[in-house]
Amino acid sequence: MPDSTDRKIEDKLREAHSEQQRFVWTRGIVRILVWLLTLLLTDLFIDWVILRGNAESAWFGPLLLAINIGILCYVAWYELIRHRKDYDELITALDVEERHPELSSLLVSYTQLKNSSEGQANVSEELIDAMKDQAVERSHSLNFRKIVDFGQLKTLALVSLGVVLFFGLISFKWETHLTTLFQRLAGVDADYPTNTDIKSVEYQNVVKFGDSLSITATWDKKPPEGAFIYTRAY
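Residues numbered from 1 in each chain as written. Predicted model: local features only at pLDDT ≥ 70, side-chain atom pairs only at ≥ 80, totals over all residues. Heavy atoms only, no water.

Chemist: Explain the overall build of the chain to me, please; I cannot follow it from the model alone.
Modeler: Per the secondary structure count, the chain includes seven helices and two strands. When the helices and strands of the chain are placed in sequence order, the string is α-α-α-α-α-α-α-β-β. Within the chain, the proportion of its 234 residues that are buried is 32%. (Helix = DSSP H or I, 4+ residues; strand = E, 2+ residues; numbered from the N terminus. Buried < 20%, exposed > 50% of the residue type's maximum accessible area, 1.4 Å probe, protein only.)

This is how it looks when you write it as structure tokens:
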């Protein structure tokens, strides 16, 4: 049965592990958020700016959505899931020793001897007691939770803040466009709003071969800088 020394060091090691996992979760979630907003902005740029909403929404929107989900799943695994670790006393002790080299492998040796001595009569109790005393003395003033430095997330925090602010600005200025993007990603046949609304188009229904054709259009909002006429033979 572990004594008070074992429990004290065990509690500090568990606190260190919890702090590690808190760091992993914080870093992972922030990076996933940055990727999510970046992908949405990229989708808007591809679908609205490059393709001008002309892609067939019946397949292109869901295809973009599937690509986004695939990328986010990989990012979640790479940035978060693979870094999650169950509590292991020895591994945590190694991490603490890496952060506090002044322990000189004392904590790791103590953990190994304590675990190996259970149920073994040939292990010196005096040696274990001496190791416990040294481990407590050396680690008493150390904060095991500082094995991770949240200051490392400063750059990531600044980048994520910039992405969030930029996305917020885009959402405010082009709210309708983002709404249309979400609809198209869901497979809805939606069109992006335009700066010019065509009110009516008048043209001759029948034109003799060789005669000219006159087409008149009226619009609202912003006058178009240029226009194209596409014809299709029936």
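Chemist: Would you mind going over helix α3 (residues 89–99) with me for this structure?
Modeler: Count 3.6 residues to each turn of an α-helix, and residues three or four apart come out pointing the same way. Within α3, burial applies to E89, T92, A93, D95, V96 and E97. If you check the start of α3, you find a side-chain oxygen 3.0 Å away from the backbone N of L90, and it comes from D88. (Polar contact = N/O pair within 3.5 Å; in protein donor to acceptor, adjacent residues only side chain to side chain.)

Chemist: I tried to follow helix α7 (residues 175–185) on my own but got confused; where do I start?
Modeler: Looking only at α7, the buried set comprises H177, L178, T180, L181, R184 and L185. Projected down its long axis, α7 shows its buried positions confined to an angular sector of 160°, all on one face. (Arc of directions from axis to C-beta.)

Chemist: Would you mind showing me how to read the packing of aromatic side chains here?
Modeler: Note on aromatic pairs: each is described by the distance of the centres and the angle between the planes. Under the criterion given, the structure shown has seven aromatic pairs. Relative to Y78, the ring of Y74 lies with its centre 5.8 Å away and its plane at 20°, an arrangement referred to as stacked. Within this pair, Y74 and its partner Y78 are both found in helix α2 (residues 60–79), separated by four residues, close to a single helical turn. For Y78, a relative accessible area of 35% corresponds to the partly exposed category. Each residue in the set W48, W174 and Y192 is aromatic and connected to the rest through ring pairs, giving one cluster. Positioned above the aromatic ring of W77, the side-chain terminus of R82 is 5.9 Å from the ring centre. One residue, R82, lies across the ring of Y78, its end atom 4.0 Å from the ring centre. (Phe/Tyr/Trp six-rings, centres within 6.5 Å; stacked < 30°, edge-to-face > 60°. Lys NZ or Arg CZ within 6 Å of the ring centre and 35° of its normal.)

Chemist: How should the pattern of salt bridges be read in this particular structure?
Modeler: One side chain can pair with another of opposite charge once the charged atoms of both are near each other. Throughout the structure, instances matching the rule amount to four salt bridges. The shortest N-O distance in the salt bridge between E19 and R22 comes to 2.2 Å. Of the two residues, E19 and R22 both sit in helix α1 (residues 4–50), three residues apart, roughly one turn of that helix. Residue E19 is classed as buried on the basis of its relative accessible area of 11%. (Salt bridge = Lys/Arg side-chain N within 4 Å of Asp/Glu carboxyl O.)

Chemist: Help me understand the environment of L94, please; the structure alone is not making it clear to me.
Modeler: Relative to the helices and strands, L94 resides in helix α3. With 17 residues separating them in the primary sequence, L94 and T111 have C-alpha atoms 9.8 Å apart.

Chemist: Teacher, can you tell me more about the nonpolar core here?
Modeler: Note that soluble globular proteins tend to have their nonpolar side chains buried in a common cluster. Ranked by size, the top nonpolar core spans 15 residues in total, and within it L13, V96, L107 and F144 carry the most contacts. At the level of secondary structure, the elements contributing two or more residues to this core comprise α1, α3 and α4 (106–117). Here this core takes four residues from α1, the largest share from any one element. Of all hydrophobic cores here, the second largest spans 14 residues; its members include V34, L40, L64 and Y192. (Core = buried A, V, L, I, M, F, W, Y, C linked by side-chain atoms within 4.5 Å.)

Read these as layout, nothing more, since geometry by itself doesn't imply function.
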